[in-house]
Amino acid sequence: NQTSAKVMVQVDEDNVVGDNLWLWRADHYDSLNSTPPIDDARTIDEELRCDHGLVVNGDNVIMYGLAVEHHLKDQVVWNGENGQVLFFQCEVPYDVAPAWAEKGYVAYRVADDVRNHSALGLGVYSYFRDHEVWLPTAIVVPEALEGSIEQPFVVFLSGHGGINTTINHHGPGVGFKR
């Protein structure tokens with residue numbers, strides 16, 4: 001399947017509120033209409049491309065209940081000032097190879113020049129289904145903002161590999177080494 005997008009949702013305006021967004025790059029798809037039918041319609045080898053689930057360029061943007069899953073680069077990229085996120089749930093992509101993690105992608109990235117950003121309850125889950133992949137860190141924010149990220153956590157769902165650290169290469173990791 002060759003369907004693709006660079007960004008699923010991009011917020012360029014100021015003073016935007018998002019509530020209960022689920023931005024999902026398919027990890028499986030409807031095989032009933034495939035010719036020939038496919039028994040196991042899992043997304044493989046980075047098909048159904050979408051680089052980012054959410055890119056925020058506007059200031060004073062608030063997200064309540066944000067879920068971003070399976071995108072092929074940073075899941076969330078936050079460039080705007082005074083951003084707030086209250087609950088974030090993210091599964092990193094299942095179908096990537098180890099080279100994906102080596103490129104420095106993360107689940108949640110706040111740009112280096114952002115001076116004010118807060119988040120509560122950022123959860124990042126790993127299930128590297130197809131390859132042993134080790135994500136170096138789940139969340140990256142400017143060092144001065146580390147204290148404004150409350151209750152970040154990582155979870156190993158299943159699969160191979162995992163996440164080495166929680167935020168800015170600090171904090172606990174999760175995973176399974178073969």
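Details of the structure are given in the entry above.
Our subject in this report is the structure included herewith.

Thresholds applied
Residues numbered from 1 in each chain as written. Predicted model: local features only at pLDDT ≥ 70, side-chain atom pairs only at ≥ 80, totals over all residues. Heavy atoms only, no water. Salt bridge = Lys/Arg side-chain N within 4 Å of Asp/Glu carboxyl O. Helix = DSSP H or I, 4+ residues; strand = E, 2+ residues; numbered from the N terminus. Buried < 20%, exposed > 50% of the residue type's maximum accessible area, 1.4 Å probe, protein only. Pairing = 2+ DSSP bridges. Phe/Tyr/Trp six-rings, centres within 6.5 Å; stacked < 30°, edge-to-face > 60°. Patch = residues over 30% accessible without salt bridge, like charges linked within 9 Å, V, L, I, M, F, W, Y side chains within 5 Å. Areas by Shrake-Rupley, 256 points an atom, 1.4 Å probe, with all protein chains shown as cover.

1. As for the pattern of salt bridges
- This model, assessed by the stated rule, comprises 7 salt bridges.
- Put simply, Asp74 and Arg109 hold a salt bridge, and the shortest N to O gap is 2.5 Å. Of this pair, Asp74 sits in the loop between β4 (62-69) and β5 (76-78) while Arg109 is found in strand β7 (residues 108-110), placing the two residues 35 residues apart along the sequence.
- A relative accessible area of 23% means that Arg109 is categorised as partly exposed.
- Between Glu81 and Arg115 there is a salt bridge, and its shortest N-O distance comes to 4.0 Å. Taken together, the positions of Glu81 in the loop between β5 and β6 (83-91) and Arg115 in the loop between β7 and β8 (117-135) put the pair 34 residues apart, joining distant regions of the chain.
- When salt bridges with common partners are traced through the structure, they connect Lys6, Arg49, Asp51 and Lys73 into a single cluster.

2. Observations regarding the pairing of β8
- Summarising the sheet, β6 and β8 pair through 8 bridges and their orientation is parallel. Within the sheet, the bridge partner assigned to Val85 lies in β8 and is Ala119.
- Two strands pair when backbone bridges link them, and β8 and strand β10 (residues 149-150) are joined in this way by 2 bridges, in the parallel orientation. In the sheet register, Ala119 faces β10, and the bridge partner there is Ile149.

3. Quick look at the packing of aromatic side chains
- Applying the stated criterion across every chain yields a total of 6 aromatic pairs.
- With 5.9 Å between their ring centres and 40° between their planes, Trp100 and Tyr105 make a pair best called tilted. Each member of the pair Trp100 and Tyr105 is classed as buried.

4. Quick look at a nonpolar patch on the surface
- Taken together, Val17, Tyr64, Leu86 and Leu120 make up a surface patch of nonpolar side chains, about 340 Å² in accessible area.
- Tracing the chain through its elements places Tyr64 in strand β4.

5. Some details on the pairing of β4
- Taking burial as the measure, the 8 residues of β4 include 6 buried ones, the bulk of the element.
- Relative to β4, strand β2 (residues 17-24) is paired through 7 bridges, and the arrangement is parallel. Looking at the pairing, Leu21 lines up with Leu66 of β4.
- Relative to β6, β4 runs parallel, the two being bridged by 7 bridges. Along β6, the bridge assignment pairs Ile62 with Gln84.

Purely geometric numbers; function is a separate question.
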